[in-house]
Amino acid sequence: MFENPNISSDIINQNNKNSLTYFIETYGCQMNVADSELVSNELEKIGYINSNKIEQADLILLNTCSIREKAEETVHNRLDSLHYLKKNNPKLLIGVIGCMAQNLKNELLDSKPYIDIILGPDSYRKISEIVYNRNNKIDHIVDTKLSKYEVYDNMFPSRKSGVNAWVSIMRGCDKFCTFCIVPFTRGRERSRSIKSIVEEVNKAVGDGFVEITLLGQNVNSYRTPDGDFPVLLEKVAKIKGVKRIRYTSPHPRDINEDVLNVMKKYDNICKNIHLPLQSGSTKILKTMNRTYTKEEFLNLVRVIRDYLPNCSISTDIIVGFPGEDEFDFNETLDVVRKVKFDFSYMFKYSSRPGTKASHYTNQVDEKVKQERLEKLISLQNEIRLKVNKSKIGSIEKVLIEKNSKKSDLFWSGRTDGNIWTVIKKTDEKIKDVVDVLITDAKGVTLFGENLNNRGQIS
Ligand code: 5AD
Ligand code: SF4
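Residues numbered from 1 in each chain as written. Chains lettered and ligands numbered in written order. Predicted model: local features only at pLDDT ≥ 70, side-chain atom pairs only at ≥ 80, totals over all residues. Heavy atoms only, no water.

Colleague: What should I look at first to understand the pairing of strand 15 (residues 312-319) in this one?
Modeller: Within strand 15, eight of the eight residues are buried, which leaves it mostly tucked inside the rest of the structure. Of the two faces of strand 15, the one lined by Ser312, Ser314, Asp316 and Ile318 and the one lined by Ile313, Thr315, Ile317 and Val319 are each fully buried. Summarising the sheet, strand 15 and strand 16 (residues 343-348) pair through six bridges and their orientation is parallel. Note that in strand 16 the partner of isoleucine 318 across the bridge is phenylalanine 347. (Buried < 20%, exposed > 50% of the residue type's maximum accessible area, 1.4 Å probe, protein only. Helix = DSSP H or I, 4+ residues; strand = E, 2+ residues; numbered from the N terminus. Pairing = 2+ DSSP bridges.)

Dropping the structure here:
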C-alpha cells in the first residue's frame, strides 16, 4: 500500500490511534502549492488528517519562500506568533519546509529553537519518517540536502477539490539570473519523465480536474530522452478530458517555434504566455544575466503574436535593480507601452544574500525604487484597463470556476487569456466552458453574459 519503503506500519498505527491532524500554510509560488499537496499526501498516508484550523493542528508546516526579503519577514513573524500554541498542545510539532528551510536553516535553528523540523525542497520523500522520529523525541530534524535527481516521480499530490490541478514537470533552475535565490534554494534543473506526468494528468482528470497547469521554474528547459517541452505539451493536450492547459513560467530565451506550433494546433492549450521581462534596459538585462536584449524581447513578442494573434502575454518586472538609472527605467516603461502586457507582477528589487547582484556596489535608493514601482504600476493599470475595455463586444471562452465574490447570482471564471470574468448565472455549471459576450470591463475584471443561454436566469 505504501510506495515509500521507509515507512513502517508502526508509524501508521501510532498516528491512527491518536488521529493526529496537520495544517500546511503555503507561501510563495505555485511550485510551493504543488509541493504542499505532495507533502499532504505523504502525511495522509500515515494517518494524519487535514485540520481546517491551525490552532487545533498537531503538526504545523510552513512551506516558505525566499524570493524577496519581505516573504522571509512574513514567515519569521508568523513563526513567532505560532510559538505560543505549543503551550496549549505540548504534542504540537512546528516545521519549516521549502526555500527558507534550505537557505536559512542555521539562522532558524538559532533564533527559533522551538522549531522541530526543517526540510528543504528535495527532502519531502522523507517527511513521514521525520515526523515519526520527531514525535518520538529524536532530536530536531534537519534535512536540506539538494538532489540532482529528485523529481518526486511516483509521489502523488493530495488535491483539494477544484477546477485546476498543478502538475510539476521539472524542478530547479540553472539560469542563475544574478538577482535570484532560486538556483541556490531549489538546486539544479531536472525533469520528470513524460510517462509519469501523463499518468498524473490522467489521475487528475479522473479526480474531476479539467484544467491542468504545468509547473516548473523554467518549464521550457524541460528535457527528457523521450522529448522536450513541446513533445510533453502535445502529449498532455491529447489526454481526454483535459479542457484547458496552461504552463508557467517559461524563460524568454527558450520559447521556440515548436512550442508555438503546438499551442496553435490544440484548442485546449490556452493562448496565454507568462513571459518574464524583468527589465526593458539591455544594459540591466546584461547585468541580470537574462541573456536577451530589449530588441530580442520585443521581437519575440512579435513572433508570438504572429503565430497566435490573440495570445495574452503577462510578465514579471523588477524595478531598482543595482545600476538602474532613469534612462534604464524609461526603457522598461517603453517596453511596457509597446507590448501592452495583459497582466504584470511588479516588484522592487530585493537584495538576496549569496546572489551575485547582492555584491554589486551601485544599489538603488529605497525611495527611488518605491517611486519607480508606483509609476510602473500606474502605467500598467492604465494599459490593462484599455486592453480589457477593448474586449467589450468580443466573445471569450470562459471556464466557470466558482460563485462570484459579489453575489451567488453570478459565476466567476477565467478566459483563455486568464482574465477573471463575472457572468450572470443561467443553467451552466462549474467546470463548463461557455461562450461569453463581454459587456463591460472594470479594474482587472471582465463582465459578460453566456451567449448559449441568454435570458434564461436560473
Ligand atoms: N527581488 C525582486 N524580485 C525578484 N524576483 C526574483 N528575485 C527577485 C529579487 N531578488 C521576481 C522576478 C521573478 C519573480 C518570480 O520574482 O521577477 O520572475
Ligand atoms: Fe530565478 Fe532566473 Fe531561474 Fe527564474 S530563470 S528561477 S528568475 S534564476
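Colleague: Where do I start with the packing of aromatic side chains in this structure?
Modeller: When we look at a pair of aromatic rings, we describe it by the centre distance and by the angle of the planes. Under the defined criterion, the tally for this structure stands at nine aromatic pairs. Among the aromatic residues, those joined into a cluster by ring pairs are Phe179, Phe321, Tyr349 and Tyr360. Lysine 203 extends its terminal NZ or CZ atom over the ring of phenylalanine 156, reaching a point 5.5 Å from the ring centre. (Phe/Tyr/Trp six-rings, centres within 6.5 Å; stacked < 30°, edge-to-face > 60°. Lys NZ or Arg CZ within 6 Å of the ring centre and 35° of its normal.)

Colleague: Sorry, what's going on with unusual backbone geometry here?
Modeller: The phi torsion of most residues other than glycine is negative, and most of the peptide bonds are trans. In this structure, the amide linkage connecting threonine 248 to the following residue, serine 249, adopts the cis form with an omega of -10 degrees. Residue placement: serine 249 occurs in the loop between strand 13 (244-248) and helix 11 (257-265). Within the chain, tyrosine 152 stands out as a residue other than glycine whose phi angle is a positive 60 degrees. Its place among the elements puts tyrosine 152 in the loop between strand 6 (141-143) and strand 7 (164-168). Backbone geometry places asparagine 154, a non-glycine residue, at a positive phi of 60 degrees.

Colleague: What is the right way to read the site of ligand 1 from this model?
Modeller: In the vicinity of ligand 1, the residues found are Ile67, Arg68, Phe179, Gln278, Asp316, Ile318, Phe347, Lys348, Tyr349, Ser350 and Arg352. A distance of 3.1 Å separates an oxygen atom of ligand 1 from a polar atom in the side chain of arginine 68. Residue glutamine 278 places a side-chain N or O atom 2.6 Å away from an oxygen atom belonging to ligand 1. Isolated, ligand 1 exposes 400 Å² of accessible area, and the fraction of that covered by the protein chains is 86%. Contributing elements (two or more residues each) for the shell around ligand 1: strand 15 and strand 16. Split into classes, the residues belonging to the shell around ligand 1 amount to five nonpolar, two polar and four charged. (Near = heavy atom within 4 Å. Polar contact = N/O pair within 3.5 Å; in protein donor to acceptor, adjacent residues only side chain to side chain. Areas by Shrake-Rupley, 256 points an atom, 1.4 Å probe, with all protein chains shown as cover. Nonpolar A, V, L, I, M, F, W, Y, C, P; charged D, E, K, R; others polar.)

Colleague: So what exactly am I meant to see when it comes to the environment of alanine 204 here?
Modeller: Looking at where alanine 204 falls in the secondary structure, it is placed in helix 9 (residues 194-206). For alanine 204, a relative accessible area of 0% puts it in the buried group. Along the primary structure alanine 204 and isoleucine 46 are separated by 158 residues, whereas in three dimensions their C-alpha atoms are 22 Å apart.

Colleague: Teacher, can you tell me more about the site of ligand 2 here?
Modeller: Lining the immediate surroundings of ligand 2 are Cys173, Lys175, Phe176, Cys177, Phe179, Cys180, Val182, Pro183, Gln217, Asn218, His251 and Arg290. Classifying every residue of the shell around ligand 2 gives seven nonpolar, three polar and two charged.

Colleague: Would you explain the layout of surface pockets in this entry?
Modeller: If you roll a probe as big as a water molecule over the atoms, it shows you where there is empty space left. One number sums up the size of the second largest pocket: a volume of about 630 Å³. Lining the second largest pocket we find 21 residues, and of these Lys271, Asn310, Glu396, Asp416 and Gly417 sit closest to its centre. With three residues, strand 17 (residues 395-403) is the single largest residue contributor to the lining of the second largest pocket. Looking at side-chain class alone, the lining of the second largest pocket contains six nonpolar, five polar and 10 charged residues. (1 Å grid on protein atoms, 1.4 Å probe; cavity = no way out; pocket = protein on both sides within 12 Å on 5 of 7 lines; lining within 4 Å. Points joined across faces, edges and corners; volume = space filled by probe spheres on them.)

Colleague: Looking at this structure, how should I read helix 11?
Modeller: The periodicity of an α-helix, 3.6 residues per turn, causes residues three or four positions apart to be oriented the same way. Buried residues of helix 11: Val259, Leu260, Val262 and Met263, and no others. Mapping the buried residues of helix 11 onto a view down its axis gives an arc of 160 degrees, with all of them on the same face. Check the buried side of helix 11 and you find it contacts helix 10 (229-237), strand 13, strand 14 (272-274) and helix 13 (294-307). (Arc of directions from axis to C-beta. Contact = heavy atoms within 4.5 Å.)

Colleague: Help me understand the sheet that holds strand 3 (residues 59-64), please; the structure alone is not making it clear to me.
Modeller: Sheet strands line up and pair through hydrogen bonds in the backbone, either parallel or antiparallel. Judged by pairing direction, the sheet is parallel, and its six strands sit side by side in the order 2-1-3-4-5-6 without closing on themselves. Of all the strands in the sheet, the pair left with one neighbour each is strand 2 (49-50) and strand 6. Strands strand 3, strand 4 (93-98), strand 5 (117-119) and strand 6 of the sheet are contacted by helix 7 (residues 127-135), whose axis makes an angle of about 160 degrees with strand 5. (Axes fitted to C-alpha atoms, helices over the stretch in contact; angles between N-to-C directions.)

Colleague: What should I look at first to understand the sheet that holds strand 16 in this one?
Modeller: Pairing is parallel across the open sheet formed by three strands, whose spatial order is 14-15-16. Only two strands of the sheet have a single neighbouring strand rather than two, namely strand 14 and strand 16. This sheet shows a mean twist of 10 degrees between the axes of neighbouring strands, independent of strand direction. Across three bridges, strand 14 lies against strand 15 in parallel orientation.

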